[in-house]
Amino acid sequence: MQNALSPTMIYSQETLKALVIEDNEGDFVIMEELLADEISKPLVTRAETMAEAVSLLRGTADYEVVLLDLSLPDGEGELLVRQIVEEARQIPVIVFTGYTDKSFGIKTLSWGVSDYLLKDDLKSFQLYKSISYSIERKKVHNQLSESELKYRALFNLSPIPKWVFELETLQFLQVNEAAIRHYGYTREGFLSMTLADIYPREDIPSLEKAISQIQQQSDRHFKGTVRHRKKNGEVIFVEIESSEILYEGVIARIVLANDVTDKLIAEQKLKKSEEQLRLLNAELEQRVAERTSDLTEASKQLEIFSYSISHDLQSPLRSMMGFAQIIKRKHSEKLTEEGSMYIDHIITSARKMSDLIINLLEFSRIGKKSVQKHVIRTNALVRSVWDNLPKENPEKIEYIQNELPDILGDASLIEQVFVNLLSNAIKYSSKKEYQRIEVGARSNEAEVIFYVKDNGSGFDMAYYEKLFGLFKRLHTPSEFEGTGVGLSIVKTIVKKHGGEIWAESQLGEGSAFSFTLPAAPLPEPTHSPNSPGNQRLSAGM
């Protein structure tokens, strides 16, 4: 019998006919690219569902390998794997899984799967290596009873290290080129050694125990992970799978040895990373707890500050305004024109300061207020808001209120949103000869998009980022009065309801403010007394 095996491969490196069962477009493209890196002309067929895969496997196409994702729209898990393995028959099936599915991936081997690969670490050579291994392993399994010539071809051309050893003496009887390259020994060196020579000395008792167990088993099939030592002294972790054969009249075992050192190192790194992540999460939770405590204390201080503003600052402001108004009313004849102007300025400034304090307190109150959501009849609420807003020249205002869907929200807060937006629309269009203000909405099942439009002064979109900022104003006090708080309040309320707000504007042409709020749930369907169901019920009584 010859020592050198035939160089002819069982399948071509140039072409490979593969069925890829994958519903994710991105993962399928990656698989094609990985195959193309190692095989010049891969012939790849894709199936997106289990049903489509079964149909293709029952057809006339002669696939060399099946690459299977573990989750499809119409099947997953054990049911999917068993179905595909059954339909593939003699075709090797390789499954792809993530780290979290590792245990399941291992389990699939007992169901007839040839190999499993981790998606996250997949490289083109690993895929090629696995396909080669799986194809040859399947053929070894199917053709052990065939001629030694075919066996030797499969054996020698495998990219996975393989050898044959005598069960009684552990003497190497044959090795393939992959084993020679990977372990560093010459063929003659291997054939002069025993299996124990490639095991670390401390692992010899484990080897002897495994051999004893194999001899006692009826099927004498072995699978497990062991340690081997290369010629250069490097110790590697190897997944071993072996079966009994009759080699030149001697009871022997054929072994496939897949180096998984890098995979185990990656798993150890993953475990270490997971532990580091756990520690980071614990630290983060501690920081969150401390931050929450700080925020609670800050909130208490803010309440004290708000009380101080409300009582300690408002009181002297009212006194200042009151005395200034008394001076103007009772002593106006004694004031010069300049003095009267100063008194007016004091009253105006004090009123602005009072308005600012009131708005600031309102902003703080809304920020702390919890949202009590109920169904809101938006049409009625907005009509009421409009009717109660002060208007200097109502006769020149055209107000349009389109149909407004019901929403789910806090009525008092939503009322404040429309008060602020409609007040702004009136104010910023007041200098137009003709004012036009429109409120409308469009909706879907989840949310309602409202808009408030006017034909007013508008604003420069270059300053859009300042629009909803607290105390940020895009117009001077001489143009339009205001404190720069109203839109901040609107944004806060909308956000508290889980919505978004935005605006579009053009100087001199007007503005449009849009915002989203949760739609009211659809009413439960009701049956009328005359419905067919009720008629049948009455007839049966």
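If you're wondering where the values come from, they're calculated on a predicted model, not measured in any experiment.

Observations concerning the sheet that holds strand β9 (residues 172-175)
Consider a sheet: its strands pair through backbone hydrogen bonds, and that pairing is either parallel or antiparallel. Across the sheet, which stays open at both edges, the five strands sit in the order β9-β8-β12-β11-β10 with antiparallel pairing between neighbours. Looking at strand neighbours, the two that pair on one side only are β9 and β10 (222-229), the edges of this open sheet. Strand-to-strand twist across the sheet, computed as the mean angle between neighbouring axes with direction ignored, equals 30°. Where β10 meets strand β11 (residues 235-247), eight bridges bridge the pair, whose relative direction is antiparallel. Note on β11: the bridge partner recorded for Thr 225 is Glu 239.

Focus: the pattern of salt bridges
If charged atoms from side chains of opposite charge come close, those side chains can pair. According to the stated counting rule, one finds 16 salt bridges in the structure shown. Measuring nitrogen to oxygen at the nearest pair gives 3.8 Å for the salt bridge that ties Arg 46 to Glu 48. With a relative accessible area of 17%, Arg 46 lands in the buried category. A salt bridge links Glu 283 to Arg 287; the shortest N-O distance between them is 2.6 Å. Of this pair, Glu 283 and Arg 287 both sit in helix α10 (residues 261-330), four residues apart, roughly one helical turn. When its relative accessible area of 52% is taken as the criterion, Arg 287 is described as exposed. One salt-bridge network, held together by shared partners, links Glu 25, Arg 46 and Glu 48.

What to know about the confidence of the model for the protein
In this model, the protein carries a mean pLDDT of 81, and residues with pLDDT of at least 70 account for 81%. The model gives residues 1-12 a pLDDT under 50, and that stretch makes 27 contacts with residues more than four places away or in other chains. Predicted confidence for residues 531-541 stays below pLDDT 50, and this span has four contacts to residues more than four positions away or in other chains.

Digging into the nonpolar core
If you look at the biggest cluster of nonpolar residues, it comprises 38 residues, and the most contacted ones within it are Phe 418, Leu 422 and Phe 515. In this structure Phe 515 touches Val 417, Phe 418, Leu 421, Val 448, Ile 449, Phe 450, Val 494, Glu 500, Ile 501 and Trp 502, once residues within four positions along its chain are discounted. Residues Phe 172, Ile 198, Tyr 199 and Leu 207 belong to the second largest nonpolar core, which totals 26 residues.

Concerning the layout of surface pockets
In this structure, the second largest pocket spans a volume of roughly 610 Å³. What lines the second largest pocket is a set of 25 residues, and nearest its centre among them are Gln 126, Lys 129, Asp 259, Val 260 and Lys 263. Listed by contribution, the elements that provide at least two residues to the lining of the second largest pocket are β7 (115-118), α5 (124-143), β11, β12 (250-259) and α10. In terms of residue count, α5 provides more of the lining of the second largest pocket than any other element does, five residues in total. The residue makeup of the lining of the second largest pocket, split by class, is 10 nonpolar, five polar and 10 charged.

Some thoughts on the sheet that holds strand β2 (residues 41-47)
Ordered by their spatial adjacency, five strands build an open sheet running β2-β1-β3-β6-β7, and the pairing between neighbours is parallel. Looking at the sheet topology across the chains shown, the edges are occupied by β2 and β7. Averaged over neighbouring strand pairs, the angle between their axes works out to 25° when direction is ignored. Bridging between strand β1 (residues 15-21) and β2 involves seven bridges; their strand directions are parallel. The residue of β2 that forms the bridge with Lys 17 is Leu 43. Across the face of the sheet, helix α1 (residues 25-38) comes into contact with β1, β2, β3 (65-69) and β6 (93-97) while running at roughly 160° to β2.

A word on the pairing of strand β17 (residues 447-454)
On a regular strand, one side chain projects to one face of the sheet and the next to the other, so that they alternate. The buried fraction of β17 is high, at six of eight residues. Examined bridge by bridge, strand β16 (residues 435-443) and β17 share seven bridges and lie antiparallel to one another. Bridging across to β17, Gly 440 finds its partner in Tyr 451. Where β16 folds back on β17, the antiparallel hairpin that results is connected by three residues.

Details of the packing of aromatic side chains
Applying the stated criterion across every chain yields a total of 10 aromatic pairs. Both rings, one in Trp 163 and one in Phe 172, keep their centres 5.7 Å apart while their planes meet at 85°; by these two values the pair is edge-to-face. The same class applies to Trp 163 and to Phe 172, which are both buried. With 6.1 Å between their ring centres and 70° between their planes, Tyr 183 and Phe 190 make a pair best called edge-to-face. Pair check on accessibility: Tyr 183 and Phe 190 agree, each one buried. Its end group placed over the ring of Phe 28, Arg 46 keeps NZ or CZ at 4.9 Å from the ring centre. Lying over the aromatic face of Tyr 451, Lys 453 brings its terminal NZ or CZ to 4.8 Å of the ring centre.

What about the environment of Phe 155?
Secondary-structure assignment places Phe 155 in helix α6 (residues 148-157). Accessibility expressed as a relative area gives 1% for Phe 155, which makes it buried.

Focus on the side chain of Ser 429
Residue placement: Ser 429 occurs in the loop between α13 (411-428) and β16. A relative accessible area of 0% means that Ser 429 is categorised as buried. Beyond its immediate stretch of four places on either side in the chain, Ser 429 contacts Gln 435, Ile 437, Asn 455 and Gly 456.

Re α1
For α1, with 14 residues, the first-to-last C-alpha span of 21 Å sits near the 20 Å given by 1.5 Å per residue. Turning to α1, its buried residues number three or more, namely Phe 28, Met 31, Leu 34 and Leu 35. Seen end-on, α1 carries its buried residues on one side only, within an arc spanning 120°. Regarding α1, its N-cap is Asn 24, as a side-chain oxygen of that residue lies 2.9 Å from the backbone nitrogen of Gly 26 further along.

About the criteria used
Residues numbered from 1 in each chain as written. Predicted model: local features only at pLDDT ≥ 70, side-chain atom pairs only at ≥ 80, totals over all residues. Heavy atoms only, no water. Pairing = 2+ DSSP bridges. Helix = DSSP H or I, 4+ residues; strand = E, 2+ residues; numbered from the N terminus. Axes fitted to C-alpha atoms, helices over the stretch in contact; angles between N-to-C directions. Salt bridge = Lys/Arg side-chain N within 4 Å of Asp/Glu carboxyl O. Buried < 20%, exposed > 50% of the residue type's maximum accessible area, 1.4 Å probe, protein only. pLDDT = per-residue confidence, 0-100. Contact = heavy atoms within 4.5 Å. Core = buried A, V, L, I, M, F, W, Y, C linked by side-chain atoms within 4.5 Å. 1 Å grid on protein atoms, 1.4 Å probe; cavity = no way out; pocket = protein on both sides within 12 Å on 5 of 7 lines; lining within 4 Å. Points joined across faces, edges and corners; volume = space filled by probe spheres on them. Nonpolar A, V, L, I, M, F, W, Y, C, P; charged D, E, K, R; others polar. Phe/Tyr/Trp six-rings, centres within 6.5 Å; stacked < 30°, edge-to-face > 60°. Lys NZ or Arg CZ within 6 Å of the ring centre and 35° of its normal. Expected span 1.5 Å × (residues − 1). Arc of directions from axis to C-beta. Polar contact = N/O pair within 3.5 Å; in protein donor to acceptor, adjacent residues only side chain to side chain.

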